[in-house]
Amino acid sequence: NTVAKEALRNAHFDMIIVDEAHRILWETNNISEEYKVIEELSRRSPGLLLLSATPEKFGHEGHFARLKLIDPERFTHFERYIED
């Protein structure tokens, strides 16, 4: 598992595609390793496509997390997202 994550971190992609993106767990105080890897890859890739048939399955916090992956400059704080 560690070898696979390191290989992904060293690879270069034109686009990252994540199926079942609602399963990438992110909470304000608990960010999964999978989320961290996708976040790192998305910073180095010009394209990111998140696929999910149930984007709000895990609530507003999970939806915010995916928006943050797509546009980290716009979606910086969960509390501000809720206010907006």
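Look a little higher up for the structure.
**Digging into the pattern of salt bridges**
- Summed over the entire model, instances satisfying the criterion amount to three salt bridges.
- When the shortest N-O distance is used, the salt bridge between Arg 23 and Glu 20 registers 3.4 Å.
- Overall, the relative accessible area of 56% leaves Arg 23 in the exposed class.
- You can call Glu 20 partly exposed: its relative accessible area is 36%.
- With its nearest N and O atoms 3.6 Å apart, the salt bridge here joins Lys 36 to Glu 33. Within this pair, Lys 36 and its partner Glu 33 are both found in helix H2 (residues 33-43), separated by three residues, close to a single helical turn.
- Looking at Lys 36, the relative accessible area reads 37%, which means it is partly exposed.

**As for the packing of aromatic side chains**
- Applying the stated criterion across every chain, the model contains seven aromatic pairs.
- With a centroid separation of 5.6 Å and an interplanar angle of 65°, the aromatic rings of Phe 64 and Phe 78 are classed as edge-to-face. Of the two residues, Phe 64 sits in helix H3 (residues 59-70) while Phe 78 sits in helix H4 (residues 78-83), which places them 14 residues apart along the sequence.
- Classification of Phe 64 by relative accessible area gives buried; the value is 1%.
- For Phe 78, a relative accessible area of 18% translates into the label buried.
- Both rings, one in Phe 75 and one in Tyr 81, keep their centres 6.1 Å apart while their planes meet at 70°; by these two values the pair is edge-to-face.
- Three or more aromatic residues joined by ring pairs form one cluster here, namely Trp 26, Tyr 35, Phe 64, Phe 75, Phe 78 and Tyr 81.

**Quick notes on the pairing of strand E1 (residues 15-18)**
- The side-chain alternation of E1 yields one buried face, formed by Ile 16 and Val 18, and one unburied face, formed by Met 15 and Ile 17.
- Looking at chain direction, E1 and strand E4 (residues 47-50) are connected through four bridges and run parallel. Across the sheet, Ile 17 pairs through a bridge with Leu 49, a residue of E4.

Conventions and cut-offs
Residues numbered from 1 in each chain as written. Predicted model: local features only at pLDDT ≥ 70, side-chain atom pairs only at ≥ 80, totals over all residues. Heavy atoms only, no water. Salt bridge = Lys/Arg side-chain N within 4 Å of Asp/Glu carboxyl O. Buried < 20%, exposed > 50% of the residue type's maximum accessible area, 1.4 Å probe, protein only. Helix = DSSP H or I, 4+ residues; strand = E, 2+ residues; numbered from the N terminus. Phe/Tyr/Trp six-rings, centres within 6.5 Å; stacked < 30°, edge-to-face > 60°. Pairing = 2+ DSSP bridges.

Bear in mind that shape data such as this cannot, by itself, settle questions of function.
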